[in-house]
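Examining the three-dimensional arrangement
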Amino acid sequence: MNADPLTPAAVSAALQACSHDRMRRLMRRLASHFDARLREAGLKTTQFSLLAYLAAQGPIRPADLAHAMGIDASTLTRNLKPVAQAGWAEVVAGRDARSRLVRLTPAGRVKLAEGGARWREAQSSLTEQLGAERIAAMHGWIDETLALLPAGED
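Residues numbered from 1 in each chain as written. Predicted model: local features only at pLDDT ≥ 70, side-chain atom pairs only at ≥ 80, totals over all residues. Heavy atoms only, no water.

Looking at the pairing of strand S1 (residues 89–93)
As paired strands, S1 and strand S2 (residues 100–104) are joined by 5 bridges and run antiparallel to one another. Of the residues in S2, the one forming a bridge with alanine 93 is arginine 100. Adjacent in sequence and paired antiparallel, S1 and S2 are bridged by 6 residues. (Pairing = 2+ DSSP bridges. Helix = DSSP H or I, 4+ residues; strand = E, 2+ residues; numbered from the N terminus.)

As for the layout of surface pockets
The space that makes up the largest pocket amounts to roughly 1,900 Å³. Lining the largest pocket we find 39 residues, and of these Met27, Met69, Gly70, Ile142 and Leu146 sit closest to its centre. Elements that contribute at least two residues to the lining of the largest pocket include exactly helix H2 (19–39), helix H3 (45–57), helix H4 (62–69), helix H5 (73–85), helix H6 (106–130) and helix H7 (132–148). Top contributing element to the lining of the largest pocket by residue count: H2, with 9 residues. Grouping the constituent residues of the lining of the largest pocket by class yields 22 nonpolar, 12 polar and 5 charged. For the second largest pocket, the calculated volume is near 190 Å³. Along its surface, the second largest pocket is lined by Arg25, Leu26, Arg29, Leu30, His33, Leu126, Gln129, Leu130 and Met138. At the level of elements, H2 and H6 are the ones that each hand at least two residues to the lining of the second largest pocket. Looking at the lining of the second largest pocket, the element that brings in the most residues is H2, giving 5 residues. (1 Å grid on protein atoms, 1.4 Å probe; cavity = no way out; pocket = protein on both sides within 12 Å on 5 of 7 lines; lining within 4 Å. Points joined across faces, edges and corners; volume = space filled by probe spheres on them. Nonpolar A, V, L, I, M, F, W, Y, C, P; charged D, E, K, R; others polar.)

Overview of the nonpolar core
Formed by 19 residues in total, the largest nonpolar core has its most connected members in Leu43, Leu50, Leu51, Leu54, Leu65, Leu76 and Val83. Taken together, the elements giving at least two residues each to this core come down to H3, H4, H5 and S2. No other element matches H3, which puts 4 residues into this core. Those residues in contact with leucine 43 that sit more than four places away from it in its chain are Leu38, Phe48, Leu51, Trp88, Lys111 and Gly115. In this structure, Leu30, Phe34, Leu126 and Ile135 belong to the second largest nonpolar core, which totals 5 residues. (Core = buried A, V, L, I, M, F, W, Y, C linked by side-chain atoms within 4.5 Å. Buried < 20%, exposed > 50% of the residue type's maximum accessible area, 1.4 Å probe, protein only. Contact = heavy atoms within 4.5 Å.)

Concerning the environment of lysine 111
Residue placement: lysine 111 occurs in helix H6. For lysine 111, a relative accessible area of 13% puts it in the buried group. A C-alpha to C-alpha distance of 19 Å links lysine 111 and isoleucine 60, two positions 51 residues apart in sequence. In this structure, lysine 111 is in contact with Ala41, Gly42, Leu43, Leu51 and Trp88, ignoring residues within four places of it in sequence.

With respect to the UniProt feature "domain: HTH marR-type" (unreviewed entry) in the chain
UniProt marks residues 20–147 with the feature "domain: HTH marR-type" (unreviewed entry), using the numbering shown here. Taken end to end, residues 20–147 has its terminal C-alpha atoms 17 Å apart, with 74% of it in helix and 8% in strand. (UniProt positions renumbered as here; feature names shortened; annotations may be inferred.)

Observations regarding H5
Taking 1.5 Å per residue as the helical rise, H5 with its 13 residues ought to reach 18 Å, and the 18 Å between its terminal C-alpha atoms agrees with that figure. Turning to H5, its buried residues are Thr75, Leu76, Asn79, Leu80 and Val83. Lining the buried residues of H5 we find H3, H4, S1 and S2. In the stretch just after H5, glycine 87 is the one whose phi turns positive, near 85°. (Expected span 1.5 Å × (residues − 1).)

And the structure:
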């Protein structure tokens, strides 16, 4: 006879062994840390990230931007809408009538600079809390893990 897999002890053990649960808890804490600082610039972390990718990539096709950011097209559309409405980015015609490009506006560059100052404060504070060695190790582990896991496993 099999033991009940839903006993409190079994569920607790499963949660302790769950990589997804641990990463979600870490991400919530990191997001909260960065969100608090970026909020001072009137930005959410998703908006700051989008502006930063646009600044780094230049005018870019939405599909290519989503790929670069590691998100799907519907998430990009949802995240881009408030950024475009604020006037920080715009979707313009591409090389032909069917293609579109997303680009940062001058107002978006100003907002990115404001957010960049807050982001640097958040990153500096995190490094101070965790230590530069631990941050470097975490970044290395994340990069190695991302390289090992296939993208888009849905």
